Amino acid sequence: MLRVLAVDDEKPALEELLYLLRSDSRIRSAEGATDATEALRRIGRALEAGPDSDDAIDVVFLDIHMAGLTGLDVARLLAGFARPPLIVFVTAHEGFAVQAFDLKAVDYVLKPVRRERLAEAVRRVRELIVPQRDTQPDMQRGRPVPVAAPTVVPGTGPEQIPVELGGVTRFVPVDDITYVEAQGDYARLHTAEGSHLVRIPLSTLEERWASRGFVRIHRSHLVALGCIDELRLDAGTTTVRVGTAELAVSRRHARQLRDLLMLPRGPKGTGGGVPGSGG
C-alpha cells in the first residue's frame, strides 16, 4: 500500500485531495503539507529515516502554483536525490504539462480533481512500485520499494504528450502526430485519428521535437518529415500534403524543406524524397 504526501497551499483543496486519497484502499497513509518548505522538510526526514520507517513517502501529490517555491521547484530539488519519491502534479493549470513530464512526473491531474481521475493516477504510481523480493531487503520484509519513473531521452523511446478531453487526460504518442498547427497560445496536434488542443506554444514544440524529425514549414505549422506524402511546387508556391491535409510552406522554409526531403527516405522523422518533389 502507498504512503502519500499531498502538498497544496490552499487548505480546502488540500483537505479535499486528502479525503479522496484516504478513501482509496490502495493508500496506506496520506498526510498533508501546506507549502513547499514543509513538504521538503518532511521528504528529507523520510529519506533520512529510510523506506522501512513510519515517515517513509512513496509518492508526492504536488500542486504547482504555491507561495514561495512552486511545485516545479520542488520537483527539481527532489531530482537531486538518489531515490526520491514519485511525483504526481495536481494543478488547475494546463500549461505546465511539458515541464512536468520533463521532470519525470508519473501523472498530471487537473483540478477540480475527480475521484476516477485520481484513481487512475494512483494506479500509475502503483505500477512503478516494483516488487523486488529477491534483490531488495525492504521487499523481504514485505515493503514495496519506490523506483523512479522511466526516463525518455529526446529522440528515442515512446515519448508521449498529455492532452485533456472532456476532463480526462489522454497520452498521445509523439510518433502518432503528423503535424502541429499554431492556434494563438495553443497548438493543435493532428494525428490520423483526429486532433488535440494543448496549451503549448508551437516554438516550444519545435525545439523539443527537432530531434524526432519535426520541422517548421510555416509560422503556423510544424510537420513530421516522415509523414509528408507529397511536395508540390506551383508558380512559386510550395505546399505539402500530409494525409488529407494540404499545408502551405513559407518561402523562408521552402529551401531547407526541399533539401531535407531529398535525403534518403527512412522511417518517420528521418526525411527522404517524396512523390511530386521534382526528382
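Because the structure is a prediction, the values reported are computed rather than measured. (Residues numbered from 1 in each chain as written. Predicted model: local features only at pLDDT ≥ 70, side-chain atom pairs only at ≥ 80, totals over all residues. Heavy atoms only, no water.)

Caption draft 1: Up close: the overall build of the protein. Check the secondary structure of the protein and you find 8 helices and 17 strands. Of all 279 residues assigned to the protein, the portion counted as buried reaches 45%. Long-range pairs, those at least 24 residues apart, make up 53% of the contacts in the protein with a sequence separation of at least 6. Summed over all atoms, the accessible surface of the protein reaches about 14,200 Å², with 50% contributed by carbon and sulfur. (Helix = DSSP H or I, 4+ residues; strand = E, 2+ residues; numbered from the N terminus. Buried < 20%, exposed > 50% of the residue type's maximum accessible area, 1.4 Å probe, protein only. Contact = heavy atoms within 4.5 Å. Areas by Shrake-Rupley, 256 points an atom, 1.4 Å probe, with all protein chains shown as cover.)

Caption draft 2: View of the sheet that holds strand β5 (residues 107–110). Strand order in the open sheet made by the 5 strands is β2-β1-β3-β4-β5, with parallel pairing throughout. Bordering the open sheet on either side are β2 (27–33) and β5, each of which pairs with just one other strand. Along the sheet, successive strands turn relative to each other by an average axial angle of 20°, direction set aside. Across 4 bridges, strand β1 (residues 2–7) lies against strand β3 (residues 59–62) in parallel orientation. The partner of Leu5 across the bridge, within β3, is Val60. Relative to the sheet, helix α3 (residues 71–78) contacts β3 and β4 (86–91), its axis offset from that of β4 by approximately 175°. Each of β1, β2, β3, β4 and β5 is contacted by helix α5 (residues 115–128), which is oriented at about 170° to β5, the strand it contacts most. (Pairing = 2+ DSSP bridges. Axes fitted to C-alpha atoms, helices over the stretch in contact; angles between N-to-C directions.)

Caption draft 3: Just the confidence of the model for the protein, in detail. Mean pLDDT over the protein: 82, with 82% of residues reaching 70 or higher. Segment residues 130–157 is flagged for pLDDT under 50; beyond a separation of four residues in sequence, or across chains, it makes 48 contacts in the model. (pLDDT = per-residue confidence, 0-100.)

Caption draft 4: Broad picture of the sheet that holds strand β17 (residues 245–249). Taken in spatial order, the 3 strands of this open sheet run β15-β16-β17, and their pairing is antiparallel. Looking at the sheet topology across the chains shown, the edges are occupied by β15 (230–234) and β17. On average, adjacent strands in this sheet sit at an angle of 25° to one another, irrespective of strand direction. Pairing geometry for strand β16 (residues 237–242) and β17, over 5 bridges, is antiparallel. Residue pairing across strands places Thr238 opposite Val249, the latter belonging to β17.

Caption draft 5: Seen up close, the nonpolar core. Of all hydrophobic cores here, the largest spans 33 residues; its most connected members are Val180, Leu189, Leu205, Trp209, Val240 and Leu257. Counting 25 residues, the second-largest nonpolar core is a separate cluster that includes Val74, Ile87, Phe101 and Ala105. (Core = buried A, V, L, I, M, F, W, Y, C linked by side-chain atoms within 4.5 Å.)

Caption draft 6: Spotlight on the packing of aromatic side chains. Scanning all chains against the criterion turns up 3 aromatic pairs. Ring plane angle 80° and centroid distance 5.6 Å describe the contact between Phe101 and Phe171, whose orientation is recorded as edge-to-face. In this pair, Phe101 is assigned in helix α4 (residues 97–102) and Phe171 in strand β9 (residues 168–173), connecting sequence segments 70 residues apart. Note on accessibility: Phe101 and Phe171 belong to one class, buried. Measuring from ring centre to ring centre gives 5.1 Å for Trp209 and Phe214, while their planes differ by 45°; the resulting arrangement is tilted. In this structure an aromatic cluster arises from ring pairing among Phe101, Tyr108 and Phe171. (Phe/Tyr/Trp six-rings, centres within 6.5 Å; stacked < 30°, edge-to-face > 60°.)

Caption draft 7: Structural context of the pattern of salt bridges. Throughout the structure, instances matching the rule amount to 20 salt bridges. The salt bridge partner of Arg255 is Asp259, with a shortest N-O separation of 3.6 Å. In this pair, Arg255 and Asp259 both sit in helix α8 (residues 251–261), 4 residues apart, roughly one turn of the helix. (Salt bridge = Lys/Arg side-chain N within 4 Å of Asp/Glu carboxyl O.)

Caption draft 8: Representation of the packing of helix α1 (residues 11–22) against α5 within the structure. Axis separation between α1 and α5 bottoms out at 10 Å; the angle between their running directions is 65°. Between α1 and α5 lies a crossing whose hand is right-handed. The residues of α5 that touch α1, namely those facing Leu17, Tyr19, Leu20 and Leu21, are Arg115, Leu118 and Val122. When grouped by side-chain class, the residues that make up the contact of α1 with α5 number 6 nonpolar, no polar and 1 charged. (Left-handed = near helix turned anticlockwise from the far one by under 90°. Nonpolar A, V, L, I, M, F, W, Y, C, P; charged D, E, K, R; others polar.)

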